[in-house]
Amino acid sequence: MLTAFPPKVEPGARYNTGQACEILGICRNTMRKFVKSGQIRPKADKGTFRNMFEAKELTRFWQERI
């Protein structure tokens with residue numbers, strides 16, 4: 001279940017999947033479903049090619065869900 005409180009993020013910051021899940025109050029499988037369905041859009045880290053989530057994207061996603 002998505003947290004009822006606005007995400008506490010630093011403007012301009014990027015968060016890995018685990019951090020983004022903790023901020024939003026959801027598990028990794030739920031995050032995976034949201035990414036796959038296009039409801040939240042990660043950016044690939046140029047060094048590791050892992051998903052990273054920008055603070056503004058986490059906030060946008062949360063606002064659309066609440």
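Here, every reference points to the structure presented above.
Heads up: these notes are all about the structure in this document. Computed from a predicted model, the values in this text were never measured in an experiment. Each chain has its residues counted from 1, running along the sequence as written. In keeping with the predicted nature of the model, local features appear solely for residues at pLDDT of at least 70, side-chain atom pairs appear and are counted solely at 80 or more, and the whole-chain, interface and lining totals rest on all residues. Processing note: side-chain calculations cover all non-hydrogen atoms of the structure and skip hydrogens and water entirely.

**Details of the nonpolar core**
Grouped burial of nonpolar side chains is what soluble globular proteins tend to show. As a reminder of what qualifies: Note on terminology: a nonpolar core comprises buried Ala, Val, Leu, Ile, Met, Phe, Trp, Tyr and Cys residues joined through side-chain atoms within 4.5 Å. Three exposure classes are used, based on accessible area relative to the maximum for each residue type with a 1.4 Å probe and protein chains only: buried under 20%, partly exposed in between, and exposed over 50%. Only DSSP runs of H or I reaching four residues or more are called helices, and only runs of E reaching two or more are called strands; each is numbered from the N terminus. Contacts are residue-level and defined by heavy atoms, with any inter-residue pair within 4.5 Å sufficient.
In this structure, Leu-24, Ile-26, Met-31, Ile-40 and Leu-58 are the most contacted members of the largest nonpolar core, which totals 16 residues. Elements with a contribution of two residues or more to this core: helix 1 (17–24), helix 2 (28–36) and helix 3 (55–65). Setting aside residues up to four positions removed in sequence, Ile-26 forms contacts with Met-1, Leu-2, Cys-21, Met-31 and Phe-34.

**Some details on the sheet that holds strand 3 (residues 51–54)**
We count it as follows: Paired strands, as defined in this entry, are two strands with at least two bridges between them according to DSSP. Each axis is a line fitted through C-alpha atoms, and for a helix only the stretch in contact is used; angles between axes span 0 to 180 degrees, taken between their N-to-C directions.
In space, the three strands of this open sheet follow the order 1-3-2, with antiparallel pairing throughout. Taken across any chain shown, the strands that pair with only one partner, and hence form the sheet edges, are strand 1 (14–16) and strand 2 (43–44). As judged from the two bridges shared by strand 2 and strand 3, these two strands associate in the antiparallel manner. Bridging from a neighbouring strand, Ala-44 pairs with Asn-51 of strand 3. Running at roughly 100 degrees to strand 1, helix 1 makes contact with strand 1 and strand 3 of the sheet.

**Notes on the pairing of strand 3**
Here strand 1 runs beside strand 3; their pairing, made up of three bridges, is antiparallel. Following the sheet pairing, Arg-14 is matched in strand 3 by Glu-54. Between strand 2 and strand 3, which pair antiparallel and follow one another directly, the connecting turn spans six residues, one of which, Phe-49, has a positive phi of 60 degrees.

**Some thoughts on the packing of helix 1 against helix 3**
Note the following rule: Here is the rule for handedness: rotate from the far helix to the near one, and if that takes an anticlockwise turn smaller than a right angle the crossing is left-handed, while a clockwise turn gives right-handed. The residue classification treats Ala, Val, Leu, Ile, Met, Phe, Trp, Tyr, Cys and Pro as nonpolar and Asp, Glu, Lys and Arg as charged. All others, Gly included, are polar.
Where helix 1 meets helix 3, the axes come as close as 11 Å, and the angle between the chain directions of the two elements is 35 degrees. The two elements helix 1 and helix 3 meet at a crossing, and its hand is right-handed. Touching Ala-20, Ile-23 and Leu-24 of helix 1 are Leu-58, Phe-61 and Trp-62, all from helix 3. Partitioned by chemical class, the residues of the contact of helix 1 with helix 3 number six nonpolar, no polar and no charged.

**Considering a positive patch on the surface**
Our working rule: Patch rule: a residue counts if its relative accessible area is over 30% and it has no salt bridge; like charges are joined within 9 Å, and nonpolar side chains (Val, Leu, Ile, Met, Phe, Trp, Tyr) within 5 Å. Each accessible area is a Shrake-Rupley estimate made with a 1.4 Å probe; only the visible protein chains count as cover when residues are assessed. Here, a salt bridge means any Lys or Arg side-chain nitrogen found within 4 Å of an Asp or Glu carboxyl oxygen. Positive charges come from Lys and Arg alone, negative charges from Asp and Glu alone, with His and the N- and C-terminal ends not counted. Note on charges: their place is set at NZ of Lys, CZ of Arg, CG of Asp or CD of Glu.
A contiguous patch of positive charge on the surface is contributed by Arg-14, Lys-43, Lys-46 and Lys-56. Classification of Arg-14 as partly exposed rests on a relative accessible area of 38%.

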